[in-house]
Amino acid sequence: SILANYIMKKSESNDINWLNIPGFVLLLNALTHEIYIRPANSYPQILKNVFKLFINLPEIPNTFIKEIIYRTNAYDVNGIFTIFDIISSLFQEYMSKYPNKLFEKFNYNLLNQVIKHIMKVDHSLCVSKVLLFYYNYAHLIPTAHLGDFCQNFLGKRFYALFFHWSFEVRDKFFYLI
């Protein structure tokens, strides 16, 4: 947390070329350790904000998100919400820095795996969070990955979501279609 505060303080000026900073690898290892030792639902806000600083180096947020996903149980609603909050904040940061550009370098295959797993678990809060995520950020997702989404939600699961027992899931699905 002290490390995250330091990084946020130093990055307030402008975009930083992180690769030119001596000790950058050590910094990444420390952040990865912070991610590893804490459950996803107990990350401080400052640590979540640090992920957005690396938006210019997409392999770094992808690595962090991959680590968080592999450590989060699909039945942990708070953990799933934290994952999608972090991913949403990355998409928002990307939108603010690069308006009208697709977020091409994001690991959509991992995201699709997570979403398929969430859909198998069928926890109504998590499913509605997934649908809301796609509703908010579909315009940033490349067409190849958006096609996977359409096949999964509008093809295979259309009736299950359209007639879902949870009003919240149905409501989000109706917004989406």
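The structure displayed is predicted, hence computed values, not measured ones.

Draft legend 1. The arrangement of a nonpolar patch on the surface in detail. Together, Leu132, Tyr135 and Tyr175 line one region of the surface with nonpolar side chains, adding up to about 320 Å² of accessible area. In this structure, tyrosine 175 sits in helix 10 (residues 167–176).

Draft legend 2. Highlighting the pattern of salt bridges. For the coordinates displayed, the defined rule picks out three salt bridges. Among the salt bridges present, the one from aspartate 85 reaches lysine 129, with a minimum N-O distance of 2.9 Å. Placement of the pair is aspartate 85 in helix 5 (residues 77–97) and lysine 129 in helix 7 (residues 124–137), with a sequence separation of 44 residues.

Draft legend 3. Just the confidence of the model for the protein chain, in detail. Summary statistics for the protein chain give a mean pLDDT of 82 and a share of 90% for residues scoring 70 or more. Within the protein chain, helix 7 carries the highest mean pLDDT (91), whereas helix 1 (residues 2–10) carries the lowest (66).

Draft legend 4. Here's a closer look at unusual backbone geometry. Residue aspartate 122 is not a glycine yet carries a positive backbone phi of 60 degrees. You can see aspartate 122 is positioned in the loop between helix 6 (108–121) and helix 7. Accessibility expressed as a relative area gives 33% for aspartate 122, which makes it partly exposed.

Quick notes on the rules
- Residues numbered from 1 in each chain as written.
- Predicted model: local features only at pLDDT ≥ 70, side-chain atom pairs only at ≥ 80, totals over all residues.
- Heavy atoms only, no water.
- Patch = residues over 30% accessible without salt bridge, like charges linked within 9 Å, V, L, I, M, F, W, Y side chains within 5 Å.
- Areas by Shrake-Rupley, 256 points an atom, 1.4 Å probe, with all protein chains shown as cover.
- Salt bridge = Lys/Arg side-chain N within 4 Å of Asp/Glu carboxyl O.
- Helix = DSSP H or I, 4+ residues; strand = E, 2+ residues; numbered from the N terminus.
- pLDDT = per-residue confidence, 0-100.
- Buried < 20%, exposed > 50% of the residue type's maximum accessible area, 1.4 Å probe, protein only.

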